[in-house]
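Residue strings, one per chain:
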Amino acid sequence: MFLFHQWPPVDVNVFITTSSSNIRTMKTLLIITAFIFGSPALVFAQTGLQKESIKVWGNCGMCKKKIEKAAKSAGAKTATWSEETNVLKVVYEPAKTSSTAIQQAIAKAGYDTQDFTADNTAYGKLPACCHYDRKGTDSSTTSQH
Ligand SMILES: [Cu+2]
């Protein structure tokens, strides 16, 4: 019983007071606040996640599924492609994958990206609805339409 005479063992006031000029206390408060509100910036800094927007050519909802799946298979934590803007937003750990690796996987699935050109065979195997206008169609390949 005596053990609990003073509980909690740390003086709670240390954490509550703001008038104290004790820098350590302020730091503790900041860390506690960060944990409570879960600042995304802090989370990103701690885990070293990389956010990137990559241009990927495509057409429809099926393309979206395949592009996102390819990005994730290459190690992207999250991948969201927009049919309207043709921009793929990815979040990944630079230690595990890279923008290059993600784009190569997408190109392999049949989709042109800003830095890579899709595999022609893979593109040919895409369903008709997914035959988007290739990157730089005016110069290299004949238009589908
Ligand atoms: Cu499609």
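Everything below is about the structure printed above this text.
All of these numbers come straight from a predicted model, not from anything done at the bench.

(A) A look at the pairing of strand β3 (residues 87-92). Of the two faces of β3, only one is covered, namely that formed by Leu-88, Val-90 and Tyr-92; the face formed by Val-87, Lys-89 and Val-91 stays uncovered. Sheet topology places strand β1 (residues 50-55) next to β3; 6 bridges connect them, and they run antiparallel. Among the inter-strand pairings, Lys-55 is bridged to a residue of β3, identified as Val-87. Here strand β2 (residues 78-81) runs beside β3; their pairing, made up of 4 bridges, is antiparallel. Bridge pairing links Trp-81 to Leu-88 in β3. Hairpin connection from β2 to β3: 5 residues lie between these consecutive antiparallel strands, with Asn-86 at a positive phi of about 60 degrees.

(B) Here's a closer look at the nonpolar core. Ile-67, Ala-71, Ile-106 and Tyr-111 are the most contacted members of the largest nonpolar core, which has 23 residues in total. Looking at this core, the elements that each hand over two or more residues are α4 (61-73), β2, β3 and α5 (99-108).

(C) Seen up close, the sheet that holds β3. With antiparallel pairing, the 3 strands of this open sheet are ordered in space as β1-β3-β2. Looking at which strands have only one partner, the edges of the open sheet turn out to be β1 and β2. Neighbouring strand axes in the sheet, compared pairwise and without regard to direction, differ in orientation by 15 degrees on average. Its contacts with the sheet put α4 on β2 and β3, and the angle it makes with β2 is roughly 155 degrees.

Rules of the game
- Residues numbered from 1 in each chain as written.
- Predicted model: local features only at pLDDT ≥ 70, side-chain atom pairs only at ≥ 80, totals over all residues.
- Buried ≥ 20, exposed ≤ 12 C-beta atoms within 10 Å, placed from the backbone.
- Helix = DSSP H or I, 4+ residues; strand = E, 2+ residues; numbered from the N terminus.
- Pairing = 2+ DSSP bridges.
- Core = buried A, V, L, I, M, F, W, Y, C linked by C-beta atoms within 7 Å.
- Axes fitted to C-alpha atoms, helices over the stretch in contact; angles between N-to-C directions.
- Contact = placed C-beta atoms within 7 Å.

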